[in-house]
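Here is how the chains run, residue by residue.
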Amino acid sequence: MNAVFAAQRDGVVMDCCKLGSGEARFAQHASQLTGGVYLKPSEPQALLQNLLMVFAAGPGARAQLILPTSAGVDGGATCMCHRRPLTMGRVCSVCLSVFCEPLPACLTCGSEFVTG
C-alpha cells in the first residue's frame, strides 16, 4: 500500500488489466485510489483492443474517452495471509499490511511484532 499512497501523492496513475477468474481486490483498490482503470475483459478475443483503447491512451485522450468505471470496488481491508476480506485485523506499522491473526513477524516486510 505504501507504493499506492506514493503514487497517489505524486499523481501517478495505476491501471490494472485482470486476466482469468476471480477478482484482484488490491489492484482494484490501487486503481481506484490513483484514478486509474481496473479492467477485467469479458471477451479474451478482445484483449488487444481493450489494451490499446483503454491503457495506451495518454492523459489528454483519457479525458475524451468513456473509460470503464470501478463502481463495485470495495475499499475494505484484505488479509495478506489468506487474501480474505476483513472487518477487523492487525496492521503492520512499517508497511501497512493487514493480517487476520497474530503473527511473530510481518509476512510482507519481515518486521518483528512486539506483543505485550
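In the block above lies the structure referred to throughout.
One structure accompanies this document, and this report is about it. (Residues numbered from 1 in each chain as written. Predicted model: local features only at pLDDT ≥ 70, side-chain atom pairs only at ≥ 80, totals over all residues. Heavy atoms only, no water.)

Focus: a nonpolar patch on the surface
Together, Phe-5, Val-91 and Leu-96 line one region of the surface with nonpolar side chains, adding up to about 240 Å² of accessible area. With respect to the helices and strands, the residue Phe-5 is situated in helix α1 (residues 2-10). (Patch = residues over 30% accessible without salt bridge, like charges linked within 9 Å, V, L, I, M, F, W, Y side chains within 5 Å. Areas by Shrake-Rupley, 256 points an atom, 1.4 Å probe, with all protein chains shown as cover. Salt bridge = Lys/Arg side-chain N within 4 Å of Asp/Glu carboxyl O. Helix = DSSP H or I, 4+ residues; strand = E, 2+ residues; numbered from the N terminus.)

Quick word on the packing of α1 against helix α2 (residues 25-34)
Packing of α1 against α2 leaves a shortest axis separation of 9 Å and a crossing angle of 20 degrees. Relative to α2, α1 is oriented roughly parallel. In this structure, α1 crosses over α2, and the sense of that crossing is right-handed. From α1, Val-4, Phe-5, Ala-7 and Gln-8 reach across to α2, where they touch Phe-26, Ala-30, Leu-33 and Thr-34. In terms of residue class, the contact of α1 with α2 is built from 6 nonpolar, 2 polar and no charged. (Axes fitted to C-alpha atoms, helices over the stretch in contact; angles between N-to-C directions. Parallel < 35°, antiparallel > 145°, perpendicular 65-115°, else oblique. Left-handed = near helix turned anticlockwise from the far one by under 90°. Contact = heavy atoms within 4.5 Å. Nonpolar A, V, L, I, M, F, W, Y, C, P; charged D, E, K, R; others polar.)

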